[in-house]
Amino acid sequence: MTKAECHKLVLDIISDIAPDEDLSNVKPDVRLRDQLQLDSMDFLDIVMELRKRHGIEVPEADYMKLANLDSCAEYLIPKFAAQGK
Amino acid sequence: MNTRSHYDVAIIGAGMSGLAAGIRLAHFGRRVCVFERHNAPGGLNGFYSIAGRKFDVGLHAMTNFVRPGVKGTPLGKLLRQLRIDRDEFALCEQKQSRIAFGPRGETALCFTNDFAVLESEVAAKFPAQIDGFRRLVAAVKACDDVALDATPVSARSEVRRYVTDPLLEAMLFAPLMYYGSAQEHDMEFGQFAIMFKALFLEGFARPFDGVRVVLRVLLEKYRQAGGERRMKCGVRQIVAEQGRASRLVLDDGGEITTDHVISSIGSVETERLLGDGARLLPTAVTPGRLSYVETITILDRAPAALGWGDDTIVFFNDSERFAYERPAEQVDLRSGVICLPNNFAFDGGRQLPEGIFRCTCLANYDGWAHLPEETYRADKLRWYDAIQGSARRFMPPMAAPEELARATVATDMFTPRTITRFTGHLQGAIYGAPTKIRDGRTALSNLYLCGTDQGFLGIVGAMLSGISMANFHILQKSAGGPA
């Protein structure tokens with residue numbers, strides 16, 4: 001999985017959780033919370049959708065690693081690789 | 001026919017909160033079943049048909065309305081959490097509402113979904129109070145009202161720090177109490193803040209076809225997510241073993257086992273299912289004392305055609321003091337709420353096919369509950385006229401007063417007895433018990449409350465209650481998240 005593919009995968013989840021957010025200009029190196037109106041309920045849903053759709057477990061201690069798109073990619077790509085993706 | 005014998009989660013009651021909890025849980029893969037004693041979903045926010053006409057049970061207006069693009073409010077949260085597109089509810093905004101106090105409503109505050117209207121009304125009618133009112137609004141906005149562990153504070157004492165005119169205080173409390181207080185005389189300040197935001201800072205709206213639009217959307221989401229429901233199949237007993245709810249005995253005699261139980265039917269009502277005098281909570285739970293009657297009058301024309309103007313909701317009280325308490329008589333005619341569902345701004349100028357005039361007053365459950373059928377019917381007729389007469393004092397007079405009777409094509413009325421019969425809420429207490437269990441926890445480690453007695457009220461509140469309890473007790477724990 002490439003970084004761009006991982007960004008898209010996360011944005012796809014966010015667009016389903018928060019369809020009222022404009023995701024066309026999300027900067028990959030800026031905290032998602034600083035560009036979008038996402039609260040703790042929304043972040044919990046990102047974690048749960050990752051598990052539901054992709055079988056990826058994100059323990060609570062790692063929630064910070066989902067802060068922005070780049071950190072998401074850095075954290076998730078090895079997890080997908082471990083699944084052979 | 002659903003005949004599974006074990007579920008991850010069993011939900012008692014197919015009202016707004018139970019269905020919302022069910023959608024969350026089913027969406028994230030839990031095997032979940034909703035058990036509903038009645039043959040129709042909706043609970044306190046259902047609908048029924050008489051002679052081909054559909055009547056909403058609870059809905060005057062959906063509170064918490066905000067326009068598209070306004071984020072971080074309860075409506076936006078629930079749409080996101082349930083993956084509902086706001087177009088699916090197709091909400092239409094109120095035109096204007098009014099709080100009318102005095103024998104003929106001489107002192108009135110109008111409000112709309114634009115908060116500036118209420119603010120300017122307060123400034124005009126209570127000029128000495130406007131600064132205090134603005135500080136009250138700031139305090140309401142700063143209140144973390146959805147905290148699950150907030151310390152209860154009296155709203156009366158908190159509001160009096162800002163508003164010193166008893167008439168303005170009563171006028172602000174009346175709508176908030178009528179639309180969601182289970183407590184007589186006072187409210188908890190967090191509850192006051194929730195309601196103040198829901199009614200005044202946010203606003204009123206409704207789908208063209210009323211509450212059934214909301215229910216249809218919820219049922220469809222729940223079904224798509226794989227949730228099961230059993231209708232006309234309530235829960236007769238919750239069997240507790242080793243501090244856990246281990247089994248449910250159903251009305252049909254069947255039994256199921258479950259990992260978690262979420263009960264939306266109320267705290268006292270849930271405690272009764274435990275049997276043998278078992279306690280649901282460390283402290284005794286008591287049913288609410290507040291109940292209502294409502295008259296519904298179907299008209300052959302829109303209420304505006306009777307000269308009644310554009311008001312959507314009118315909260316009235318005929319004196320300066322406002323008594324929010326169980327009346328000594330069967331009905332308290334001094335105050336009430338008038339709802340004219342025709343006066344929402346429906347898209348494209350659509351009009352409801354008939355005129356509707358609803359009127360709600362406080363009522364005494366005991367005065368209605370045990371009457372012989374004949375007396376009950378006679379009392380309904382008598383009070384119907386009295387309630388309508390009381391409410392008309394606060395509407396513009398008609399050129400010919402008998403015009404209302406001429407325009408009437410059908411009537412209905414529900415009483416505290418009807419409420420208990422169809423919703424199972426003891427004492428006809430629509431808003432449940434006066435003590436709310438914000439975190440939903442009970443003496444049994446896997447039994448949680450949602451809905452009315454968890455304490456987020458109104459249609460939007462009810463759905464958020466189900467969502468929060470499903471998240472907090474079940475989804476977050478298994479996600480390893482903060483619990």
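Treat the numbers as computed from the prediction; the structure is a model and nothing was measured. (Residues numbered from 1 in each chain as written. Chains lettered and ligands numbered in written order. Predicted model: local features only at pLDDT ≥ 70, side-chain atom pairs only at ≥ 80, totals over all residues.)

Focus: the overall build of chain B
So, step 1. Looking only at helices and strands, chain B has 15 helices and 18 strands in total.
So, step 2. A compact globule built from 483 residues would reach a C-alpha radius of gyration of about 23 Å, and chain B, at 22 Å, matches this within 12%.
So, step 3. Considered along the principal axes of its C-alpha atoms, chain B spans approximately 65 × 50 × 45 Å.
So, step 4. Buried residues in chain B amount to 51% of all 483 residues.
So, step 5. Considering only residue pairs separated by 6 or more positions, chain B has 74% of its internal contacts joining residues 24 or more positions apart. (Helix = DSSP H or I, 4+ residues; strand = E, 2+ residues; numbered from the N terminus. Rg over C-alpha atoms; globule rule 2.2 N^0.38 Å. Buried ≥ 20, exposed ≤ 12 C-beta atoms within 10 Å, placed from the backbone. Contact = placed C-beta atoms within 7 Å.)

Observations concerning the overall build of chain A
So, step 1. Along the backbone of chain A there are four helices and zero strands.
So, step 2. Walking chain A from its N terminus toward its C terminus, one meets helices and strands in the order α-α-α-α.
So, step 3. The C-alpha atoms of chain A give a radius of gyration of 12 Å, which matches the 12 Å a tight globule of 85 residues would have.
So, step 4. Referenced to the eigenvectors of the C-alpha coordinate spread, the extents of chain A come out at roughly 35 × 25 × 20 Å.
So, step 5. Looking at chain A residue by residue over its 85 residues, the buried ones come to 24%.
So, step 6. Counted over contacts in chain A with a minimum sequence separation of 6, partners at least 24 positions apart contribute 55%.

What to know about the domain arrangement of chain B
Residues and elements named next belong to chain B.
So, step 1. Here chain B is described as being made up of domain 1 (6–59 + 210–286 + 433–479) and domain 2 (93–205 + 289–422).
So, step 2. Relative placement of domain 1 and domain 2: their C-alpha centres are 28 Å apart.
So, step 3. Counting residues at the interface gives 13 residues for domain 1 and 15 residues for domain 2.
So, step 4. With three residues, helix α15 (residues 458–479) is the single largest residue contributor to the side of domain 1 that touches domain 2.
So, step 5. Of the residues assigned to the side of domain 1 that touches domain 2, the class counts are six nonpolar, four polar and three charged. (Domains from an automatic or database assignment. Nonpolar A, V, L, I, M, F, W, Y, C, P; charged D, E, K, R; others polar.)

Comments concerning helix α10 (residues 267–274) of chain B
Along an α-helix, residues three or four apart share an orientation, since each turn contains 3.6 residues.
Residue and element names in this part refer to chain B.
So, step 1. Of all eight residues in α10, six are buried, a share of seventy percent or more.
So, step 2. Against the buried residues of α10 lie β10 (235–241), β12 (255–263) and β18 (447–449).
So, step 3. Positive phi shows up at Gly275, right after α10, with a value of about 65 degrees.

Description of the interface of chain B and chain A
So, step 1. With 16 residues of chain B at the contact, the number on the chain A side is 14 residues.
So, step 2. Taken together, the elements giving at least two residues each to the side of chain B that touches chain A come down to α2 (74–81) and α15 of chain B.
So, step 3. Residue composition of the side of chain B that touches chain A, by class: four nonpolar, seven polar and five charged.

Looking at the sheet that holds strand β17 (residues 408–414) of chain B
Residue and element names in this part refer to chain B.
So, step 1. Ordered in space as β7-β6-β14-β15-β16-β13-β17, the seven strands form an open sheet in which the pairing is mixed. Here the strands that pair on one side only, and so sit at the sheet edges, are β7 (107–111) and β17. Each strand of the sheet is rotated relative to its neighbour by a mean of 15 degrees, with strand direction disregarded.
So, step 2. Two strands pair when backbone bridges link them, and strand β14 (residues 311–317) and strand β15 (residues 335–339) are joined in this way by five bridges, in the antiparallel orientation. (Pairing = 2+ DSSP bridges. Axes fitted to C-alpha atoms, helices over the stretch in contact; angles between N-to-C directions.)

Structural notes on the environment of Ile296 of chain B
Residue and element names in this part refer to chain B.
So, step 1. Secondary-structure assignment places Ile296 in strand β13 (residues 291–299).
So, step 2. Sequence-wise, Ile296 and Asp56 are 240 residues apart; in three dimensions their C-alpha atoms are separated by 9.9 Å.
So, step 3. Setting aside residues no more than four positions away along its own chain, Ile296 makes contact with Phe55, Ile356, Arg358, Thr411, Asp412 and Met413.

Observations regarding the environment of Asp318 of chain B
Residue and element names in this part refer to chain B.
So, step 1. Inspection of the secondary structure assignment puts Asp318 in the loop between β14 and β15.
So, step 2. A sequence separation of 113 residues divides Asp318 from Ala205, and the C-alpha atoms of the two residues are 27 Å apart.
So, step 3. Those residues in contact with Asp318 that sit more than four places away from it in its chain are Gly102, Pro103, Arg334 and Arg393.

Comments concerning helix α14 (residues 416–423) of chain B
Residues and elements named next belong to chain B.
So, step 1. If you check which residues of α14 are buried, you get Pro416, Arg417, Ile419 and Thr423. For α14, the buried positions fall inside an angular range of 165 degrees around the axis, keeping them on one side.
So, step 2. Close packing links the buried residues of α14 with β13, β16 (355–363), α11 (365–369) and β17.
So, step 3. Once α14 ends, the next one or two residues include Gly424, with phi positive near 75 degrees. (Arc of directions from axis to C-beta.)

Overview of unusual backbone geometry
Residues and elements named next belong to chain B.
So, step 1. A positive phi is found at Ala51, a non-glycine position, where the angle reads about 50 degrees.
So, step 2. Locating Ala51 in the fold gives a position in the loop between β3 (47–50) and β4 (53–56).
So, step 3. Its 7 C-beta neighbours within 10 Å are what place Ala51 among the exposed residues.

Things to note about the pairing of strand β2 (residues 32–35) of chain B
For a regular strand, the rule is simple: side chains alternate between the two faces of the sheet.
Residue and element names in this part refer to chain B.
So, step 1. Burial of the side chains of β2 extends over both faces: Val32 and Val34 are buried on one face and Cys33 and Phe35 on the other.
So, step 2. The pairing of strand β1 (residues 6–12) with β2 spans four bridges and is classified as parallel. Bridge pairing in β2 places Ala10 opposite Cys33.
So, step 3. Each parallel crossover has a hand, and the one from β1 via helix α1 (residues 16–27) to β2 is right-handed.
So, step 4. Note: β2 against strand β9 (residues 228–230), three bridges, orientation parallel. (Right-handed = clockwise from strand over helix to strand, strands pointing away.)

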